[in-house]
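Close look at the chain arrangement
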Amino acid sequence: QVQLVESGGGLVQAGGSLRISCAASGLTFSNYNMGWFRQAPGKEREFVAAIGWNGGSTHYVDSVKGRFTISRDNAKNTVYLQMNSLKPEDTAVYYCTARNGGSLQMVVSEYGYWGQGTQVTVSS
């Protein structure tokens, strides 16, 4: 079965950096667009970033543009999210997600597979 396993979350001070990873198994990784969403306490899950199957296209929510970078390594079946200049408002559980083909999407319902999430906490 498909599994998405996030890692690399933790506690970081404002202005710091963190890289989170998502290892995928049970699917042909290079066929899938991959995405990162996040959910803060009491808030809805929101789109953060997405990357096309070959890494040639990316999309970001405005609030992270210039600070976060999504990338992938198809040889390792892994997608990454490099987060720089972190702010307290970036604190959330970050979820990895996969969508089989098509265009990059920013809506939860467009993604079929989800990881269990990794906590990112940014202290002020």
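See the structure shown above.
Attention in this report is confined to the structure presented alongside it. Just so it is clear, the model here is predicted, and its values are computed rather than measured.

**Comments concerning the side chain of Thr118**
Along the polypeptide, Thr118 turns up in strand S11 (residues 118–123). Here Gly9 takes part through its backbone nitrogen, which lies 3.2 Å from a polar atom of the side chain of Thr118.

**Focus on the pattern of salt bridges**
Tallied over the entire structure, the rule returns 5 salt bridges. Glu46 is the salt-bridge partner of Arg38, the closest N and O atoms lying 2.6 Å from each other. The partner of Arg38 in a salt bridge is Asp90, and the shortest N-O contact between them spans 2.9 Å. Here Asp90 lies in the loop between strand S8 (78–83) and strand S9 (92–100) and Arg38 lies in strand S4 (residues 32–39), a separation of 52 residues in the sequence. For the pair Arg38 and Asp90, one class covers both residues: buried.

**Let's talk about the state of the cysteines**
What the rule picks out here adds up to 1 disulfide. Across a sulfur-sulfur distance of 2.1 Å, Cys22 and Cys96 are joined as a disulfide pair. Given an S-S torsion of about -75°, the disulfide between Cys22 and Cys96 has left-handed geometry. Of the two residues, Cys22 is situated in strand S3 (residues 18–25) and Cys96 in strand S9; the sequence distance between them amounts to 74 residues. In this pair, the class of Cys22 matches that of Cys96, namely buried.

**Brief notes about the pairing of S9**
The buried fraction of S9 amounts to 8 of the 9 residues, a majority that puts the element mostly inside the structure. The pairing of S4 with S9 spans 8 bridges and is antiparallel. Paired with Arg38 across the strands is Tyr94, a residue of S9. As paired strands, S9 and S11 are joined by 3 bridges and run antiparallel to one another. Within the sheet, the bridge partner assigned to Ala92 lies in S11 and is Val120. Note that S9 and strand S10 (residues 113–114) share 2 bridges and pair antiparallel. Paired with Ala98 across the strands is Tyr113, a residue of S10.

Rules used throughout
- Residues numbered from 1 in each chain as written.
- Predicted model: local features only at pLDDT ≥ 70, side-chain atom pairs only at ≥ 80, totals over all residues.
- Heavy atoms only, no water.
- Helix = DSSP H or I, 4+ residues; strand = E, 2+ residues; numbered from the N terminus.
- Polar contact = N/O pair within 3.5 Å; in protein donor to acceptor, adjacent residues only side chain to side chain.
- Salt bridge = Lys/Arg side-chain N within 4 Å of Asp/Glu carboxyl O.
- Buried < 20%, exposed > 50% of the residue type's maximum accessible area, 1.4 Å probe, protein only.
- Disulfide = S-S within 2.5 Å.
- Pairing = 2+ DSSP bridges.

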